Amino acid sequence: MPPPDACRIYLVTPPALDPLPFAGLLAAALDAGDVAAVQLRLKDADDGAWRRAIDALRPVCQSREVAFLLNDRADLVRATGCDGAHVGQEDMPARDARRLMGPNLTLGVTCHGSRDLAMQAGEDGADYVAFGAFYPSSTKDVTALVDPEILQWWSEMMELPSCAIGGITPENCGPLVRAGTDFLAVVGCIWNHPDGPAAGVKALNAAIGAAR
């Protein structure tokens, strides 16, 4: 996932999904506008569930040249033909994930609001660092919000791309785009959009364009 010329959508799946019906929703979302990557995030799922979801969703993404990444499961990436993984601070260490995947697949690392964690992630082989949450989120408990200033600092100091996450919507993404983030990681504003995920992608891309 190379550094983009402009901010792009990084789409995260809901934590629970039925792979075959969801594949149709995902295809509609990706066909509606620019999306850089899809992260498969499954909560409390066994390896069989992960593999079934990967088999259903990976081709939808890769046939559209959208990177398909796994949340936490760097151990499954190479065997299932995925494009990379994203790890949190409480998950597999970034260095271990990089060692499992090899040098050429995409690795993202959650860094919350920490400059030190982000710099360490870069040293450990990350291809992008994720900061947040910037706004209250319905998918994760947020104890403290992050100042968008960290995105500007990172974009001015580092060449490694950054990803903003946490409660992002078309209505509030402007400050994050203007601060220089490369990707907006989103869940609810796409999958819970009243007119469907395709409309959610269109609305967010329009907001990104307006913010620039």
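Located above this text is the structure these notes cover.
Residues numbered from 1 in each chain as written. Predicted model: local features only at pLDDT ≥ 70, side-chain atom pairs only at ≥ 80, totals over all residues. Heavy atoms only, no water.

Chemist: Help me understand helix H1 (residues 19-31), please; the structure alone is not making it clear to me.
Modeler: An α-helix turns once per 3.6 residues; consequently, residues spaced three or four apart project the same way. Compared with an ideal rise of 1.5 Å per residue, which puts 13 residues at 18 Å, H1 spans 18 Å between its outermost C-alpha atoms and is within 8% of the ideal. Those residues of H1 that are buried lie in contact with strand E1 (8-12), strand E2 (37-40), helix H2 (47-62), helix H8 (188-191) and helix H9 (197-211). (Helix = DSSP H or I, 4+ residues; strand = E, 2+ residues; numbered from the N terminus. Expected span 1.5 Å × (residues − 1). Contact = heavy atoms within 4.5 Å.)

Chemist: What's the story with the side chain of Arg-98 in this structure? I'm lost.
Modeler: Examined against the element boundaries, Arg-98 turns out to sit in helix H4 (residues 94-101). Separated by 2.7 Å, the side chain of Arg-98 and the backbone oxygen of Leu-105 make a polar contact. Reaching out from Arg-98, the side chain makes a polar contact with the backbone oxygen of Gly-125 at a distance of 2.8 Å. If we ignore the near neighbours within four places in the chain, the residues touching Arg-98 are Pro-103, Asn-104, Leu-105, Leu-107, Asp-124, Gly-125 and Asp-127. (Polar contact = N/O pair within 3.5 Å; in protein donor to acceptor, adjacent residues only side chain to side chain.)

Chemist: Would you explain the environment of Leu-70 in this entry?
Modeler: Along the chain, the position of Leu-70 falls in strand E3 (residues 67-71). Sequence separation between Leu-70 and Gly-174 is 104 residues, and the spatial gap between their C-alpha atoms is 27 Å. Those residues in contact with Leu-70, other than ones at most four positions away along the chain, are Gln-39, Leu-40, Trp-50, Ile-54, Leu-76, Val-77, Thr-80, Cys-82, Gly-84, Ala-85 and His-86.

Chemist: Can you help me understand the pattern of salt bridges in this one?
Modeler: Side chains that carry opposite charge are capable of pairing whenever their charged atoms lie near each other. All told, the structure shown has eight salt bridges when counted by the stated rule. Residue Asp-34 is joined to Arg-8 by a salt bridge in which the shortest nitrogen-to-oxygen separation is 2.7 Å. Of this pair, Asp-34 sits in the loop between H1 and E2 while Arg-8 sits in strand E1; the two residues are 26 residues apart in sequence, bridging distant segments of the chain. When its relative accessible area of 35% is taken as the criterion, Asp-34 is described as partly exposed. Salt-bridge contacts for Arg-95 lead to Asp-124; the nearest nitrogen and oxygen are separated by 2.6 Å. One end of the pair, Arg-95, is in helix H4; the other, Asp-124, is in the loop between helix H5 (115-123) and strand E6 (128-132), with 29 residues separating them in the sequence. Residues joined by salt bridges that share partners form a network here, namely Asp-47, Arg-73 and Asp-75. (Salt bridge = Lys/Arg side-chain N within 4 Å of Asp/Glu carboxyl O. Buried < 20%, exposed > 50% of the residue type's maximum accessible area, 1.4 Å probe, protein only.)

Chemist: For this particular structure, what's the right way to read the pairing of strand E8 (residues 183-186)?
Modeler: By the alternation rule, side chains of E8 split into Phe-183 and Ala-185 and Leu-184 and Val-186, which are all buried. Both E1 and E8 contribute to a ladder of four bridges, which runs parallel. When the sheet's bridge partners are listed, Arg-8 is paired in E8 with Phe-183. Pairing of strand E7 (residues 162-165) with E8, which is carried by three bridges, proceeds in the parallel orientation. Among the inter-strand pairings, Ile-165 is bridged to a residue of E8, identified as Ala-185. Following the chain from E7 across helix H7 (residues 174-179) to the adjacent parallel E8, one finds a crossover that is right-handed. (Pairing = 2+ DSSP bridges. Right-handed = clockwise from strand over helix to strand, strands pointing away.)

Chemist: Could you clarify how one ought to interpret the sheet that holds E3 in this entry?
Modeler: Picture the strands of a sheet paired through backbone hydrogen bonds; they go either parallel or antiparallel. Reading around the barrel, the eight strands line up as E1-E2-E3-E4-E5-E6-E7-E8 and close back on themselves, with parallel pairing between neighbours. Adjacent strand axes in the sheet meet at a mean angle of 25 degrees when their direction is disregarded. (Axes fitted to C-alpha atoms, helices over the stretch in contact; angles between N-to-C directions.)

Chemist: Sorry, what's going on with the state of the cysteines here?
Modeler: Following the criterion strictly, the structure yields zero disulfides and no others. Of the cysteine sulfurs around Cys-61, a residue in no disulfide, the closest is that of Cys-82, at 9.2 Å. Here Cys-61 falls in the buried class, since its relative accessible area comes to 0%. Lacking any disulfide linkage, Cys-111 is separated from the closest cysteine sulfur, that of Cys-163, by 11 Å. (Disulfide = S-S within 2.5 Å.)

Chemist: Is there a simple way to think about the packing of aromatic side chains in this case?
Modeler: Each pair of aromatic rings is reported with the distance of its centres and the angle of its planes. Counted according to the given criterion, the structure contains five aromatic pairs. Their ring planes at 65 degrees and their centres at 5.6 Å tell us that Tyr-10 and Tyr-128 sit as a pair that is edge-to-face. Highlighted residues: Tyr-10 in strand E1 and Tyr-128 in strand E6, separated in sequence by 118 residues. Ring centres of Phe-131 and Trp-154 lie 5.8 Å apart, and the angle between their planes is 70 degrees; on these two criteria the pair is classed as edge-to-face. On the criterion of sequence distance, the pair formed by Phe-131 in strand E6 and Trp-154 in helix H6 (residues 149-157) is long-range, its members being 23 residues apart. Trp-154 shares its class with Phe-131; the two are buried. The ring of Trp-153 has Arg-115 lying over it, and the distance from NZ or CZ to the ring centre is 4.5 Å. (Phe/Tyr/Trp six-rings, centres within 6.5 Å; stacked < 30°, edge-to-face > 60°. Lys NZ or Arg CZ within 6 Å of the ring centre and 35° of its normal.)

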